[in-house]
Amino acid sequence: MRNTQSTQFLTEDIQNLRIAVIGDVMLDRYVYGEVKRISPEAPVPVNRVRRMESVLGGAGNVAANLAGLGVKVYAAGVTGLDEHRESLEKKMAAAGIDSSGLLPMPGRSTITKMRIIGARQQMLRLDFEEPGDLAPEEERQLLDWLQKRLQEGLDGIVLSDYAKGVCSDHFCQTVIDLAHSAQVPVLVDPKGADWRKYAGCDFITPNVKEMCEAGGRVVPNETEPLVELAAKARDAFQIKNVVVTRSEKGVSLINRKEVITEAATARDVFDVSGAGDTVAAVLLAAVAGGLSLGEALKLSNKAAGI
């Protein structure tokens, strides 16, 4: 039997949601080709390029997921003044994403990851970036933008941290404080072992490796030890819900009242990049749209499988 509440959310309610995605916005570029010989110039394969494509990456992928569901999305972060930013703007405009919070800053490069692929195998990745914590003026402009968005109305905020500089300690805490003052939930997609800067957030979505790093010890991808690590982190950093994405074993949500695990649907894939972004996007949208935690987790897990 179809869940009528979930169906109504996906077909109607979701289009009324307004969510801000703040963090390390990137451009993912893919160069696809075929390899049939070794270069005479050096012992390296020659990739004959067949096609190239660009997609939104990092925090941009979260924004794209939300926009694809029908959410009104506002993206914020910092970029360079370069051709990669132009590609970002075009991709966001095509997806219906408001990129007014994406600040072009001199001295920065628009974070871009170019993957060279031959015969379905990634051969090389080229990174274009100048990472670094936000300068005081950059932080001020982003916070001014956020306060305006909050005044006009938001249903949720995603902090998407890829350790490139936007999600600094002070900035993250200020965003969480501003959001909670406006009674807006915050979901964090974390990076690194130190979760102090995420303290007080409503949701945090580590994968198993990130959960182990934050918990200070390595445990297998099994429910009991992961729940133990998640519960300790939840209490240490006053986080309401810890949502551990567990690859082929699905996803588990841990809070003070309950533990919910949704099993994954096995799929034959060669690249799972971005599945965690999908969990984050759909989970926050579903909760903001009034679905129960159980239903929200079920929807986010199904979306990640797809």
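You'll find the structure just up there.
About the cut-offs
Residues numbered from 1 in each chain as written. Predicted model: local features only at pLDDT ≥ 70, side-chain atom pairs only at ≥ 80, totals over all residues. Heavy atoms only, no water. Pairing = 2+ DSSP bridges. Helix = DSSP H or I, 4+ residues; strand = E, 2+ residues; numbered from the N terminus. Contact = heavy atoms within 4.5 Å. Axes fitted to C-alpha atoms, helices over the stretch in contact; angles between N-to-C directions. Buried < 20%, exposed > 50% of the residue type's maximum accessible area, 1.4 Å probe, protein only. Phe/Tyr/Trp six-rings, centres within 6.5 Å; stacked < 30°, edge-to-face > 60°. Lys NZ or Arg CZ within 6 Å of the ring centre and 35° of its normal.

> Honestly, the sheet that holds strand E8 (residues 156–160) in this entry has me stumped. Any pointers?
Strand pairing in a sheet takes place through backbone hydrogen bonds and is either antiparallel or parallel in direction. The strand order across the open sheet formed by nine strands is E5-E4-E1-E8-E9-E10-E11-E12-E13, and the pairing between neighbours is mixed. Two strands bound the open sheet, and with one partner strand each, they are strand E5 (98–104) and strand E13 (259–262). Across five bridges, strand E1 (residues 18–23) lies against E8 in parallel orientation. Directly across from Ile19, in E8, lies its bridge partner Gly156. Across the sheet, helix H3 (residues 83–95) touches strand E4 (72–79) and E5, and the angle it forms with E5 is around 170°.

> How should I be thinking about unusual backbone geometry in this particular structure?
Working note: non-glycine residues mostly have negative phi, and peptide bonds are mostly trans. Of note, Ala163 is a non-glycine position whose phi angle comes to about 60°, a positive value. Here Ala163 is to be found in the loop between E8 and helix H5 (169–181). Of note, Ser247 is a non-glycine position whose phi angle comes to about 55°, a positive value. Judged by its relative accessible area of 57%, Ser247 is exposed.

> For this particular structure, what's the right way to read the packing of aromatic side chains?
Each aromatic ring pair is described using two quantities: the centre-to-centre distance and the angle formed by the ring planes. Scanning the model with the defined rule gives two aromatic pairs in all. Both rings, one in Tyr30 and one in Tyr32, keep their centres 6.1 Å apart while their planes meet at 15°; by these two values the pair is stacked. Residue Tyr30 is classed as buried on the basis of its relative accessible area, which comes to 11%. Taken together, a centroid distance of 6.3 Å and an interplanar angle of 55° make the contact between Trp195 and Phe237 tilted. Of this pair, Trp195 sits in the loop between strand E9 (186–189) and strand E10 (203–204) while Phe237 is found in the loop between helix H7 (223–236) and strand E11 (241–245), placing the two residues 42 residues apart along the sequence. Taking the relative accessible area as the measure of exposure, Trp195 reaches 0% and is therefore buried. Judged by its relative accessible area of 15%, Phe237 is buried. Across the ring face of Tyr32, the terminal group of Arg51 is positioned such that the distance to the ring centre comes to 4.0 Å.

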